[in-house]
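Summary of the model geometry
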Amino acid sequence: MTGSGFEARETLRRNARMLAALGLVGLATPAAAQSTPVPGLYAEWQEEKSREEDAEPREFNLINYFFTRVSMTNQIGDPAGLRGVALGPIGSPVGSAVSTQSGRSAYFIEQRWIPVIEYSPFFVDGLASFRAQFEVDFLWGRSANTIGQNEGGGFNADQVNIQTKNVNVAIYPTRNPNQLTLLVGTQPVYDSAYDPTRTPLSDLTRTGYKLAFLGSDATGLSIFSGLKGNARLSLFPLGSAQADRATRNDPRLKYIWLAMADYVYPVRPNTNVGVSAWALNDDTKGDAYAFEGLVKSGPSSTGLPGFTGTARFNINRPTGTVFWAGAHFNHNIDFRNGRLGASGFVMYNGGKYKSDDPENSPIDELSISGVSANLEVMYQWGRGPGDVVTLEGMFSTGDSNLEDDKYTGAFTLNQYGLPGAVWFNHKMLILFPFTSTVNNYTGAVTDISNQGYGLRAGIASASWDIVPNKLNLKVATGLANSGADPTPWVAEVRRGRFIGAEVNAELRYHIRYLMTVGLHGGYLFRGSFYDGAATVRSDPWAAFTTFTWYAF
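A few points on the structure. (Residues numbered from 1 in each chain as written. Predicted model: local features only at pLDDT ≥ 70, side-chain atom pairs only at ≥ 80, totals over all residues. Heavy atoms only, no water.)

Focus on the pattern of salt bridges
In plain terms, the rule: Any Lys or Arg side-chain nitrogen located within 4 Å of an Asp or Glu carboxyl oxygen qualifies as a salt bridge. Helix numbers and strand numbers start at the N terminus; a helix is a DSSP run of H or I with at least 4 residues, a strand a run of E with at least 2. Any residue under 20% of the maximum accessible area for its type is buried, any over 50% is exposed, and the rest in between are partly exposed; the area is computed with a 1.4 Å probe on protein chains only.
Per the counting criterion, the structure on display carries 29 salt bridges. Between E376 and K210 there is a salt bridge, with the nearest N and O atoms lying 3.9 Å from each other. Taken as a pair, E376 in strand β15 (residues 365-380) and K210 in the loop between α2 (201-204) and β7 (215-225) lie far apart in primary sequence, 166 residues in all. This pair shows no difference in class: E376 is buried, exactly as K210 is. Its salt-bridge partner being R252, residue D250 comes within 2.8 Å of it at the nearest N-O pair. Owing to a relative accessible area of 55%, R252 belongs among the exposed residues under this scheme.

Things to note about the side chain of Q380
Note the threshold: In the analysis that follows, any N or O atom pair within 3.5 Å is treated as a polar contact, provided that within protein one partner can donate a hydrogen and the other can accept it, and provided that, for residues neighboring in sequence, both atoms belong to side chains. For this analysis, residues touch if any pair of their heavy atoms sits within 4.5 Å.
With respect to the helices and strands, Q380 occurs in strand β15. Within the local environment of Q380, its side chain forms a polar contact with the backbone oxygen of G384, the two atoms lying 3.4 Å apart. With near-sequence residues (within four places) excluded, Q380 lies in contact with F335, R339, P385, D387 and V388.

What to know about the environment of G84
By the element assignment, G84 lies in the loop between β1 (60-73) and β2 (86-89). Look at G84 and you get buried, because its relative accessible area is 0%. Note: C-alpha distance between G84 and S143 (59 residues apart in sequence) is 9.0 Å. Setting aside residues no more than four positions away along its own chain, G84 makes contact with P79, L139, R142, N150, E151 and N439.

Here we look at the pairing of strand β23 (residues 541-551)
Note the following rule: The criterion for strand pairing is that DSSP finds at least two bridges linking the strands in question.
Burial along β23 is one-sided: A542, F544, T546, T548 and Y550 are buried, while W541, A543, T545, F547, W549 and A551, pointing the other way, are not. Two elements, β1 and β23, share 10 bridges in a ladder whose sense is antiparallel. Counterpart to M72 in the pairing with β23 is A543. Looking at chain direction, strand β22 (residues 515-526) and β23 are connected through nine bridges and run antiparallel. Note on β23: the bridge partner recorded for M515 is W549.

If you want it as structure tokens, here you go:
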């Protein structure tokens, strides 16, 4: 066996393991779906003289992801505002206006199909790969014979509904993606230093900042390096607007720029520490859109907080800069070096916005300063890969007065995206939104800022492989408090800080390789946080059935 043949074969095996890991976790996040690993064509097949019986590495790869979910719940959200999509925190009077009332429940079926196309032509000799990823989402029975995203489940279907997720080119200057990757175009963008086109989603959601600050897609340029640790440099224009066209006859586009720098160092095998520095500059003066023509983005948006659960600020036509500085670690999260694993982070966000129209703005300037932290400890108690108990905590500072010019809470990319951040690792179904979803992403807390009031959350879970690699049972409980006193729903009723406590159970059965069916149910005992809320009259509950299948 030649050296180059051995390299090609090992590369294919490694990428097959990556695909399996992606399938076991699931891609049903509402913000982004994971791209596939690069196939790794790094050897000239013509030089292989003794491998006649082996199949050649494929230049073209297609992966199909199919997901469907049946939901029965008393969380009633209005799907009309975002054309079939319901988002946002329970009780919010705006956005999808999710409510819970006794004797009223809803049922619906969601469906998602994601084809992932990858082309690595043989003649480029491992120098580059092209990827395209699309998405088709809808509710059964909703809309037909028209054009629009998140629709097309009605009679006749015949819907034009193809959403572009990722279209990019990966360039490998050294012909080894583990060393250096240049990613150009529309791509997954997460708050992790790892290349999202080659890293299993299970690792991305448990490392870095766990998608709590950023988890979506964006168009731009990223450089990933695997030399002496893992590093990432990225630059993305998140949005644009002709902010001065009407007022100053200036048709130039003004942009929202996000620059990111991350570095992770392996202090020992399977133990990593990392640091991050990001900056966002917004010159759009509140005229850019998170949902084109419907919902504007940025700190002056009146519509976005109701859908994403962020703080709402009283500043008009703002321009400014926000920065993040953080540190994180992870140890043995896949249990390759023992039974104990852990991960966590600390993040500081600061910055300032100024109004371009101070005479008509309630506040002239908004200063930002907040801290967030997370810690999870995991223990593999049995022989099966799913025999795990976990304990996790999430913290963010809060602000009891969102009307003034100082904000002391977490600031995530949910201020700019719909959504722009999705904490994926919480194991809750209602207290935090069930992340295996398509068009409905609702829960008590949908952003770690908790609408600006801050968060104190604790979550415990225990899972058991009843039949190893075949049947798994998980039970979990979690509770959450607001970090600051929230504004009363009505003036005459004092509102408390206790958001609620959830209990849930999930049973997953692997029918075949990468084909899984699940039963999930949860109940949230609502707390004093909802005292006086006109639309939250009963404890939220939900039951789900899911079916997931990967084919490649």
